[in-house]
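Structural features, examined
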2 protein chains.
Amino acid sequence: MSVTAPLGFRAAGIAAGIKSGDARDLALVVNDGPSRAAAGVFTSNRVKAAPVLWSQQVLAGGRVRAVVLNSGGANACTGPLGFQDTHATAEKVAEALQESAGEIAVCSTGLIGERLPMDALLDGVDVATSQISRDGGLAAADAIRTTDTVSKISFRRGEGGYMVGGMAKGAGMLAPGLATMLCVITTDADVPAEHLDTALREATRVTFDRLDADGCMSTNDTVLLLASGASGVTPDLAEFGQVVRAVCADLARQLLVDAEGATKAIAIEVIGAASEEDAVVVGRAVSRSNLLKCAIYGEDPNWGRVLSAVGTTDAVFEADRLNVAINGVWICRGGAAGDDRSKVDLRPRDVTITVDLSAGPHTATIHTTDLTAAYVHENSAYSS
Amino acid sequence: MSVTAPLGFRAAGIAAGIKSGDARDLALVVNDGPSRAAAGVFTSNRVKAAPVLWSQQVLAGGRVRAVVLNSGGANACTGPLGFQDTHATAEKVAEALQESAGEIAVCSTGLIGERLPMDALLDGVDVATSQISRDGGLAAADAIRTTDTVSKISFRRGEGGYMVGGMAKGAGMLAPGLATMLCVITTDADVPAEHLDTALREATRVTFDRLDADGCMSTNDTVLLLASGASGVTPDLAEFGQVVRAVCADLARQLLVDAEGATKAIAIEVIGAASEEDAVVVGRAVSRSNLLKCAIYGEDPNWGRVLSAVGTTDAVFEADRLNVAINGVWICRGGAAGDDRSKVDLRPRDVTITVDLSAGPHTATIHTTDLTAAYVHENSAYSS
């Protein structure tokens, strides 16, 4: 179902020949309205791909008629010609739909630094526009995969009967070239752009933004939320926000599960923080410790590597009041060895590392993966 | 030669039984004066090992009679009892030398979170004090190794005939448990503590501080500079600073070369920066990109991963004015593809990545290594 679960949306996913082989590589999502309200969040990397620069302009208007997405090339670091390619792609979709290119968002994912094969891509737009349908959501979700082993889709029904659906790509924020995350969420609720923006920012802040598999930030990350209003339901905004958040959380979980090269899904749960920001900073520092991630891969409850990561932050804590549990066993108490480390069972895929800062009531959880030889293999062989 | 190359120093390195097996694991460096001036720099990690907390107090007095160093255990995250162990070690050395413990610095390296075997260690101090000699520098350098495959030693003669010598441990800041770096530098020049401090901080700032193999910060890093004054030479301070810097640079290079698990030594040379700080920030961001480090391991000149790392910083630059060369080939010009990437030869062990920010005259170079399956293997198996 994915992006076509809500009323008012059609989609398609086709093989345009952007990738080598016969795999789908072009997706189109069309909003038939009556509303075209939309919001987006984008990578904070200052080196932004051409489609990000383009789509930020489109979203500034708060209206999106269609989103065209390709895998097989990121169109990042491609200069003015790359931007022209994105513009031409939007124009081609606009022409087919008899619309303005100013309401056509563009997303790309794949290798950085190479131009897209525009002949194949523009021909593909023709094919995709001829194939868009109410049941094209799954094909669209398939077409945006790079090294993702499965499509990521989700949908939830809200109060009054409206629907929120979504699709995402990104192999756990981890494996492929810079791990671009693309996500399109649709709803048939009637929500103006301003409130879509609020709901989307709040949802991504506590879902996608708390995945941190390798600390690398993509040039292409894009999350879009489109509302058709076709259900006729005007939802309570708080409730709507919860539904959007649930879809984002579900998609984020799917990204983590599909992390190629990873053998563990690690939740860094920070408690006892003086502020939520402190909790996030600490969780992120721990999640970025290569040494810790190697230890978890080796099923070694090496809590010293947790403390040394905590110590690099400026969060409020005293070193001799830090407590650390791994899978529920408090192996570090008061900054020193606690319960017997042999009690920690690290064989399950899911691992929870709890860091108690003993400094306040706030909490946050960052999700990451282990660091494995397979990660090194995949990322040393990707573009060659 | 190492720390005993300068006049006025004796040293020993013995096997105390702290490590399993017969390897040396305890080193002692004694300054026989006439001066005891000393300076130190320590890890900025807020979780500091007991010997770091102790030695910071000692160095605050600006005088060091002796340094006792052990491998086989970091004595970090060991609580008040761990601090008592460090204190007892210093007292034991002081007693043997008939001195005050307040002038005995202590350094430890090894696994975090476990108490040291104090009986073995204190007995070892007796053995070491009975063996200190003018030619004990090499044995001392050997005794502080953990996974280092070779001892790291260096010495330089300064103008007027004074000597600066040093020993260091740390397998490239990369392989072993948190990659503690310990370094003791000695000189027979007559330099007061205040000027030793200046020389040491300036030297480490542009040498050890610019190694960044895996972004992980140790709880135990310590660099000490001890002056005996035994040569009778009072050097020009600028010239002395250059000699100290040369010794630090030589030791830093040796650390990088010995990076276990690494197949490449990568210099990230940032040019065209608006400030030296910008250059360091950018170099560090690039050096911490796991994706780039995997690409270099795979001999893939993936400049897109360089740009995406640059883009995460707040340095002054425009994305469309960034240039990147790998081993001298400018494969990225103006933020887009430049010369033919097939011209880049990544087979040599030494790799230079030049990042031109096109924003000013400042430069800095950060040294790192590639990310390999061997790194993962070593760090997943270390404590178990």
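Residues numbered from 1 in each chain as written. Chains lettered and ligands numbered in written order. Predicted model: local features only at pLDDT ≥ 70, side-chain atom pairs only at ≥ 80, totals over all residues. Heavy atoms only, no water.

1. Section: the interface of chain B and chain A
Note the cut-off: The criterion used for residue contact is that any of the two residues' heavy atoms lie within 4.5 Å. The quantity reported as buried area is the accessible area (1.4 Å probe) lost by two parts once they are put together, taken as the sum for both. Should a side-chain nitrogen of Lys or Arg be within 4 Å of a carboxyl oxygen of Asp or Glu, the pair is scored as a salt bridge. Polar contact criterion, stated in full: a pair of N or O atoms within 3.5 Å, where within protein one must be able to donate a hydrogen and the other to accept it, and residues adjacent in sequence count only if both atoms are side-chain atoms. Where helices and strands are cited, they refer to DSSP runs of H or I of at least four residues and of E of at least two residues respectively, numbered from the N terminus. Asp, Glu, Lys and Arg are counted as charged, while Ala, Val, Leu, Ile, Met, Phe, Trp, Tyr, Cys and Pro are counted as nonpolar; the rest, among them Gly, fall into the polar class.
Contacts between the two partners involve 55 residues from chain B, matched on the other side by 55 residues from chain A. Between chain B and chain A, a total of about 3,900 Å² is buried, with carbon and sulfur atoms accounting for 60% of that surface. For chain B, the biggest contributors to the area lost against chain A are B:Arg46, B:Leu291 and B:Val376; these three give 17% of the whole. For the interface between chain B and chain A, the tally reads 0 salt bridges. Viewed at the interface, chain A and chain B are joined by 11 residue pairs in polar contact (both at pLDDT 80 or more). For the side of chain B that touches chain A, the elements supplying multiple residues, two or more each, are helix 8 (290–297), helix 9 (303–310), strand 13 (336–337) and helix 10 (373–380) of chain B. For the side of chain B that touches chain A, a count of residues per class yields 27 nonpolar, 22 polar and 6 charged.

2. Notes on helix 6 (residues 237–257) of chain B
In plain terms, the rule: Expected helix span is taken as 1.5 Å per residue step, with the number of steps being one fewer than the number of residues.
With 21 residues, helix 6 of chain B should cover 30 Å at 1.5 Å per step; its first-to-last C-alpha distance of 30 Å lies within 8% of that length. The opening residue of helix 6 of chain B, the one whose side-chain oxygen lies 3.2 Å from the backbone nitrogen of B:Ala238, is B:Asp236.

3. Here's the deal with the packing of aromatic side chains
Applicable threshold: Working definition: rings of Phe, Tyr and Trp (its six-membered ring) pair if their centres are within 6.5 Å, and the pair is stacked with planes under 30 degrees apart, edge-to-face with planes over 60 apart, and tilted otherwise. Using a 1.4 Å probe on the protein chains alone, a residue whose accessible area is under 20% of its type maximum counts as buried, one over 50% counts as exposed, and one in between counts as partly exposed. Lysine NZ or arginine CZ positioned within 6 Å of the ring centre and within 35 degrees of the ring normal marks a charge as sitting over the ring.
According to the stated counting rule, one finds 4 aromatic pairs over all chains in the structure shown. Taking the centre distance of 5.9 Å and the plane angle of 50 degrees together, the rings of B:Tyr162 and B:Phe240 count as tilted. Of the two residues, B:Tyr162 sits in the loop between strand 6 (152–157) and strand 7 (163–169) while B:Phe240 sits in helix 6, which places them 78 residues apart along the sequence. What makes B:Tyr162 buried here is its relative accessible area of 0%. B:Phe240 sits in the buried class, given a relative accessible area of 0%. Above the ring of B:Phe317, the side-chain terminus of A:Arg46 is found at 3.9 Å from the ring centroid.

4. Brief notes about the pattern of salt bridges
On inspection of all chains with the given rule, the structure shows 44 salt bridges over all chains. For B:Glu99, the salt bridge is made with B:Arg36, and the minimal N-O distance between the two is 2.9 Å. Taken as a pair, B:Glu99 in the loop between helix 2 (79–97) and strand 5 (104–108) and B:Arg36 in the loop between strand 2 (26–31) and strand 3 (38–42) lie far apart in primary sequence, 63 residues in all. The salt bridge partner of B:Arg201 is B:Asp197, with a shortest N-O separation of 3.0 Å. Taken as a pair, B:Arg201 and B:Asp197 lie in helix 5 (residues 193–205) at a separation of 4 residues, close to a single helical turn. Classification of B:Arg201 as partly exposed rests on a relative accessible area of 43%. Taking relative accessible area as the criterion, B:Asp197 reaches 25% and is therefore assigned partly exposed. Among the charged side chains, a salt-bridge network with shared partners connects A:Arg10, A:Asp32, A:Arg36, A:Arg63, A:Arg65, A:Glu99 and A:Glu103.

5. Concerning the relation of the copies chain B and chain A
What counts here: The fit set for superposing copies consists of C-alpha atoms from residues with pLDDT of at least 70 in both; the fit itself is least squares.
The transform that puts chain B on chain A rotates by 180 degrees and translates by 0.0 Å along the axis, for an RMSD of 0.0 Å. Put plainly, the chains are arranged around a two-fold axis. Closest approach to the rotation axis within chain B is made by the C-alpha atom of B:Ala373, at a distance of 2.2 Å. Same-surface contact between copies: 100% of interface residues of chain B are shared with the interface of chain A.

6. Remarks on helix 1 (residues 50–60) of chain B
Residue and element names in this part refer to chain B. Within helix 1, the full set of buried residues consists of Ala50, Pro51, Val52, Trp54, Ser55, Val58 and Leu59. Next to the buried residues of helix 1 lie strand 3, helix 2, strand 5 and strand 9 (222–227). Looking at the residues trailing helix 1, positive phi occurs at Gly62, about 75 degrees.

7. Overview of the UniProt feature "binding site: substrate" (unreviewed entry) in chain A
Residue and element names in this part refer to chain A. Where we set the bar: UniProt positions are given in the numbering used here, feature names are shortened, and annotations may be inferred rather than shown by experiment.
UniProt feature "binding site: substrate" (unreviewed entry): in the numbering of this structure it lies at Thr146, Lys169, Thr180, Glu260, Asn379 and Ser384. When you line up the elements, Thr146 lands in the loop between helix 4 (137–143) and strand 6 (152–157). You can call Thr146 partly exposed: its relative accessible area is 22%.

8. Some thoughts on the packing of helix 2 (residues 79–97) of chain A against helix 3 (residues 118–131) of chain A
All names here are of chain A. Keep this limit in mind: Only the stretch in contact is used when fitting a helix axis, every axis being a line fitted to C-alpha atoms; angles between N-to-C directions are given from 0 to 180 degrees. Just so you know how the angles are binned, under 35 degrees is roughly parallel, over 145 roughly antiparallel, 65 to 115 roughly perpendicular, and the rest oblique. Left-handed describes a crossing whose near helix is turned anticlockwise from the far helix through less than a right angle; right-handed describes the clockwise counterpart.
Two elements in contact, helix 2 and helix 3, have axes separated by 10 Å at closest approach and are oriented at 25 degrees. The pairing of helix 2 with helix 3 is recorded here as roughly parallel in orientation. Here helix 2 and helix 3 pass one another in a crossing that is right-handed. Only Met118, Leu121, Leu122, Val125, Asp126 and Thr129 of helix 3 make contact with helix 2, whose side of the interface consists of Asp85, Ala88, Thr89, Lys92, Val93 and Ala96.

9. Details of the UniProt feature "active site" (unreviewed entry) in chain A
Residue and element names in this part refer to chain A. Here, the residues flagged by UniProt with the feature "active site" (unreviewed entry) are Thr180. Within the fold, Thr180 resides in the loop between strand 7 (163–169) and strand 8 (182–187). Given a relative accessible area of 2%, Thr180 falls into the buried group. Leaving out residues up to four positions away in the same chain, Thr180 has contacts with Ser108, Thr109, Lys169, Gly170, Ser218, Asn220 and Asp221.

10. Observations regarding the side chain of A:Ser218
All names here are of chain A. By the secondary structure assignment, Ser218 is in the loop between helix 5 (193–205) and strand 9 (222–227). For Ser218, a relative accessible area of 0% gives the class buried. A distance of 3.5 Å separates a polar side-chain atom of Ser218 from the backbone nitrogen of Asp221.

11. A look at the domain arrangement of chain A
All names here are of chain A. For clarity, the cut-off: Those domain boundaries reflect an automatic or database domain assignment.
Annotation of chain A at the domain level lists domain 1 (2–257) and domain 2 (265–380). Computed over C-alpha atoms only, the centres of domain 1 and domain 2 are separated by 33 Å. In this complex, domain 1 contributes 14 residues to the contact, which on the side of domain 2 involves 17 residues. Carbon and sulfur atoms make up 43% of the surface buried where domain 1 meets domain 2, a total of about 1,300 Å² over both sides. At the junction of domain 1 and domain 2, the tally comes to 2 salt bridges. Note that Glu276 and Arg205 form a salt bridge whose closest N and O atoms lie 3.3 Å from each other. Taken together, the links from domain 1 to domain 2 amount to 5 residue pairs in polar contact (both at pLDDT 80 or more).

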